[in-house]
Amino acid sequence: MHSAPRLFSLSSFKLRAAALAFLVFAASVADAQPAHRLYKIGVLNEAWAANHPAVDGLKEGLREQGFVEGRDVTYEVRFTKGAPGATAAAAEELVKAGVDLIFTSNEPATLAAKKATQSIPVVFTLVGDPVLTGMVASLARPGGNLTGISSRATELAPKRLEVLKTLVTGLKRVWFVYHSSDITDTAALPSVRDAASRLQLELMVRPVNDAADLELALKEIKPGDAVLAPAVDTLDIPAAILEAAKVPSVFPAALWVGHGALVSYGPDFRAQGVQAARLIAKILRGARPQDLPVEGAERIDLAVNVNTARQQGLTVPPKILFRANVVQR
Amino acid sequence: MNAPALRGRLFWKYLAVFLCLVGGVLIVSSLVELYFSYDETKRAIVALEREKAVGAAHRIEQFVLSVEREVRGTLYPAPEDSSLSLSGGRSPVSGQSMRAAIAQQREFDFLRLLRDAPAITDIRHFDITGKERLLVSRVELDAVDGGADVAASPEFRVTQVKKRYFSPVYFRDDSAPYMKIGVALDEPTPEVTVAAVDLKAIWDVVSRIRVGTAGYAYVVDAEGRLIAHPDISMVLQKRDLSLAPQVKGAQAQVASAREEDLP
């Protein structure tokens, strides 16, 4: 008795069918769900604590974009307490740790990140002039692996001078003190000089090299003068001005007004972090940093401390009050 | 010997015919179903896209009009008539001091606008001859009687005639999209106020629109130039999309809607 030759044994047929079905299922499932990754973001910060407002803004902004800490993204925060050399070491450490992206919050940190990696995307904030300081080739086409938010510090320096003039009636002389290696403030010098002559102010320019220079410069300030504080923290010059000079001073950020400074004009730190988060979300989703133009900080705030004004014998004029976003009492 | 073998072969033949028939009918019916459902899905997607586009267009329009409204709120009539009095009382205030008071108030209004409308970067006020009388800026130094003469520029000429003007989108620093909005009172030769408005807020609205996994939205201006797109480098290239069929279709729709509005 012959039985028709069996070309396929039933069990191997089932096996093949099952394998095919599984493949089809796996393919469709894989297609339906995008790959879920945990992104590692390195945070390079020269601050004294891990909770810098720009970093808070970054976390909040990324949360808004759908990247929740712990579930979609983790942060490797390195704050270097202003110790020299620590920033460069921290940048290299982050690169070795294999982070997907580095977030920085001022010029020195950004330059350290740029030196440490030419391939990992770097998104910066609190950089006053990204083109002049060599971070990017141009604002519209950054080229390279860096992009971010410009705090427009160089651009806004003349405006800070104007705020001082409006606030202090009869002001004649303004001191501009900054560190000699500070490219952002050095770049602002021509426009600040121009503004000073338009505003009929005498401008005393004092680039300093170290703490001794700084002390001498601060001693030269007479009552009735005013100070234009630098946009960059090198040598803690803004803090020194706040401490020592008892004359009206204008600072680049509202943070200082909260600590007792008279007035500030410049973008909010936290808002820059939130703005950077939008860029970072695009990069994590596949965009290349060289294609994302550098954005100018959106919220430019005027902050004034009414207490300090009273202590210094100044009345805040309506022009300042109408413009002020933040009034510290 | 043959009978069982024959029955076996016949069985397989019947099975094969049966399978082909059933299978064939199944295949044909699922193809038909596939075609109709494809058509239906396509229609549904187009309807969804249209809805999102209309929604985004509405948001953009609301944004631009709200900025125009705020700038319009700073306009005051020119005090030509010496009997026009601030207090409404019987004794008229002289035209000169009225003008000074209005100029002061205008400066306060502009400063307040800078505080309350982050999208506005600067506001300029021009007198009836087109000379700049007041500049209040977030970035540049403020100026009173700056003197720049813009009588020939479209933002001045068109605003004086039509009382409102929306400039084509232009770029600052090659990367930030801006629009100039001009406003003027309904007088024969009014003074003109022009605000420079940062359009990034609109771009965020547009770039966040997603349809499915690959759908996106973009914006073209009246002439068909690309002014917003999730990929900003396309906008910076200033692409001209006026020949694209969907753009032509949309322009035709706008034109016919406008015709319907006319009495």
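Note that the coordinates shown come from a computational prediction; the quantities given were computed from them, not determined experimentally. (Residues numbered from 1 in each chain as written. Chains lettered and ligands numbered in written order. Predicted model: local features only at pLDDT ≥ 70, side-chain atom pairs only at ≥ 80, totals over all residues. Heavy atoms only, no water.)

K.L.:
Describe the overall build of chain B, and please don't skip the residues or the numbers.
P.N.:
For chain B, the count of helices and strands is 6 helices and 9 strands. Here chain B holds 263 residues, and the buried ones make up 36% of them. In chain B, the proportion of contacts linking residues at least 24 apart, taken out of those at least 6 apart, comes to 45%. As displayed, chain B offers around 16,300 Å² of accessible surface, 61% of which is attributable to carbon and sulfur atoms. (Helix = DSSP H or I, 4+ residues; strand = E, 2+ residues; numbered from the N terminus. Buried < 20%, exposed > 50% of the residue type's maximum accessible area, 1.4 Å probe, protein only. Contact = heavy atoms within 4.5 Å. Areas by Shrake-Rupley, 256 points an atom, 1.4 Å probe, with all protein chains shown as cover.)

K.L.:
How would you summarise the interface of chain B and chain A if you had to cite specific residues and measurements?
P.N.:
Taken together, the contact between chain B and chain A spans 22 residues of the former and 29 residues of the latter. Taken over both partners, the interface formed by chain B and chain A buries close to 2,300 Å², and the fraction arising from carbon and sulfur atoms is 56%. Three residues, R138(B), V139(B) and L141(B), lead the burial of chain B against chain A; their summed loss comes to 27% of the area buried on that side. For the pair chain B and chain A, the interface holds 4 salt bridges. A salt bridge links E298(A) to K200(B); the shortest N-O distance between them is 2.8 Å. Run the count over chain B and chain A and you get 8 residue pairs in polar contact (both at pLDDT 80 or more). (Buried area = accessible area lost by both parts, 1.4 Å probe. Salt bridge = Lys/Arg side-chain N within 4 Å of Asp/Glu carboxyl O. Polar contact = N/O pair within 3.5 Å; in protein donor to acceptor, adjacent residues only side chain to side chain.)

K.L.:
So what's going on with the sheet that holds strand β13 (residues 326–328) of chain A? Which residues, and what values?
P.N.:
All names here are of chain A. Across the sheet, 7 strands lie side by side as β7-β6-β8-β9-β10-β12-β13; this open sheet has mixed pairing. Of all strands in the sheet, those bounded by a partner on one side alone are β7 (202–208) and β13. With strand direction ignored, the average angle separating the axes of adjacent strands in the sheet is 20°. Direction of pairing for strand β6 (residues 173–179) relative to strand β8 (residues 226–228): parallel, over a ladder of 3 bridges. Note on β8: the bridge partner recorded for W175 is V227. Across the face of the sheet, helix α5 (residues 153–167) comes into contact with β6, β8, β9 (249–251), β10 (263–267) and β12 (300–305) while running at roughly 155° to β10. (Pairing = 2+ DSSP bridges. Axes fitted to C-alpha atoms, helices over the stretch in contact; angles between N-to-C directions.)

K.L.:
Summarise the pairing of strand β1 (residues 120–126) of chain B; cite the residues concerned and give the values.
P.N.:
Residues and elements named next belong to chain B. Burial runs high along β1: 7 of the 7 residues are buried. Sheet topology places β1 next to strand β2 (residues 132–137); 5 bridges connect them, and they run antiparallel. Opposite I123, over in β2, you have V136 as the bridge partner. Taking the residues between adjacent antiparallel strands as the criterion, β1 and β2 are bridged by 5 residues, where G130 takes a positive phi near 95°.

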